[in-house]
Amino acid sequence: MPLLCIASPKGGVGKTMLTANLADALRRQGRRVLALDLDPQNALRLHFGLPPADGAGFAVELLHGGPWRPHIRQTPAGVALLPHATVTTEEALALAAALEQMPERLTAPLREMLADRDMIVVVDLPPGASRALDLLAPLSDLTIVVLLADGHGAALMPDIDSGRFLGLGALPGARQGRLRLVLNQVDYTSRLSRAVAEAMARHLGPRLLGAVAREDAVAEALAAQRLILDSAPSSRAALDLRELGGAVAGMLPQPAEAAQAWWSR
Ligand SMILES: Nc1ncnc2c1ncn2[C@@H]1O[C@H](COP(=O)(O)OP(=O)(O)OP(=O)(O)O)[C@@H](O)[C@H]1O
Ligand SMILES: [Mg+2]
């Protein structure tokens, strides 16, 4: 049932990297996980080893209203994957229009997936504000906003304080309680990067869920189409991702929570 959304005000900050590797970290904790790619860039599949020429995905069903289940791939990592599909510009525009006119084409299949109480759905979103995020944020148990530990990330602090970013300012206050930030690309060898990360961490306080180190191992994992916990398990980034996985799991409803509540009655 838990829905975890990964978003960011700025592009290229590591959303897709985090979606794939958090899905893997949660899977390694014994959870069942489905990773859903809502970004027409269709890049999430690359982290799971799908051949670049394999452009099939579920997005066509946003136009046709068919079932998503046949599009699910079982990946070697054990994470179920719904790739977006490789689309042309015209198709991407048609998909955006479909989301606008028929939002239930996204929300109905998603609600069906969320009815499976024990499965965590992790969603990779396009950069910036999007209709997909608007539709999903009210359903999500946790929305992670990724920021870079740099001057641009630091400059976003006032917007984050006011809640006026990613269109999330329009959401009810309670939703903000389900929003956490993650700093990515913290370069521990750079005094500037460390100082910016520390200042952002002080400012964000408990809103900061964790950080991921900037390391060649992260980019190399993507180049090799592997997951970081698999390709570089003793790297700093792998340690960070394991910690983040633990923090995320702690914020999501636990499996069989309802059964426990029922037994204890
Ligand atoms: N911690 C890191 N250390 C080194 N490289 C990183 C790190 N995180 C991400 N990268 C690299 O940065 C690039 C952008 O990452 P990614 O594609 O995950 O960002 P994104 O936010 O999903 O981008 P977009 O907004 O285009 O969807 C990739 O080449 C990725 O390998
Ligand atoms: Mg991405």
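This report concerns the structure included in the present document. These numbers were taken from a predicted model, which means no experiment stands behind them.

**Focus on the packing of aromatic side chains**
Part 1: Under the defined criterion, the tally for this structure stands at one aromatic pair.
Part 2: Ring geometry for Phe58 versus Trp68: centroids 4.5 Å apart, planes at 45°, classification tilted. Within this pair, whereas Phe58 is found in the loop between helix H2 (44-47) and helix H3 (60-64), its partner Trp68 is found in the loop between H3 and strand E3 (73-74), the two being separated by 10 residues in sequence. There is no split in this pair, since Phe58 and Trp68 are both buried.
Part 3: Above the plane of the ring of Tyr188 lies Arg236, whose end atom (NZ or CZ) is 4.2 Å from the centre.

**Some thoughts on the side chain of Ser235**
Part 1: By secondary structure assignment, the location of Ser235 is in the loop between helix H12 (228-231) and helix H13 (236-251).
Part 2: Only 3.2 Å separates the side chain of Ser235 from the backbone nitrogen of Ala238, close enough to count as a polar contact.
Part 3: Every residue in contact with Ser235, bar those within four places of it in the chain, is listed here: Glu215, Ala217 and Ile228.

**Notes on the environment of Val87**
Part 1: Assignment of secondary structure puts Val87 in the loop between strand E4 (80-82) and helix H4 (89-101).
Part 2: Along the primary structure Val87 and Phe48 are separated by 39 residues, whereas in three dimensions their C-alpha atoms are 19 Å apart.
Part 3: Setting aside chain neighbours within four positions, we find Val87 in contact with Pro40, Ala92 and Leu95.

**Examining the site of ligand 1**
Part 1: The environment of ligand 1 is made up of 18 residues, and the closest members are Gly12, Gly14, Lys15, Thr16 and Ala213.
Part 2: One of the backbone nitrogen or oxygen atoms of Met17 is found 2.9 Å away from an oxygen atom of ligand 1.
Part 3: Burial of ligand 1 by the protein amounts to 80% of the accessible area it has alone, namely 630 Å².
Part 4: Going through the elements one at a time, helix H1 (15-28), strand E7 (179-186) and helix H11 (216-223) are the ones with two or more residues in the shell around ligand 1.
Part 5: Split into classes, the residues belonging to the shell around ligand 1 amount to seven nonpolar, seven polar and four charged.

Calculation rules
Residues numbered from 1 in each chain as written. Chains lettered and ligands numbered in written order. Predicted model: local features only at pLDDT ≥ 70, side-chain atom pairs only at ≥ 80, totals over all residues. Heavy atoms only, no water. Phe/Tyr/Trp six-rings, centres within 6.5 Å; stacked < 30°, edge-to-face > 60°. Helix = DSSP H or I, 4+ residues; strand = E, 2+ residues; numbered from the N terminus. Buried < 20%, exposed > 50% of the residue type's maximum accessible area, 1.4 Å probe, protein only. Lys NZ or Arg CZ within 6 Å of the ring centre and 35° of its normal. Polar contact = N/O pair within 3.5 Å; in protein donor to acceptor, adjacent residues only side chain to side chain. Contact = heavy atoms within 4.5 Å. Near = heavy atom within 4 Å. Areas by Shrake-Rupley, 256 points an atom, 1.4 Å probe, with all protein chains shown as cover. Nonpolar A, V, L, I, M, F, W, Y, C, P; charged D, E, K, R; others polar.

Fair warning: the whole summary comes from geometry, so function is off the table for now.
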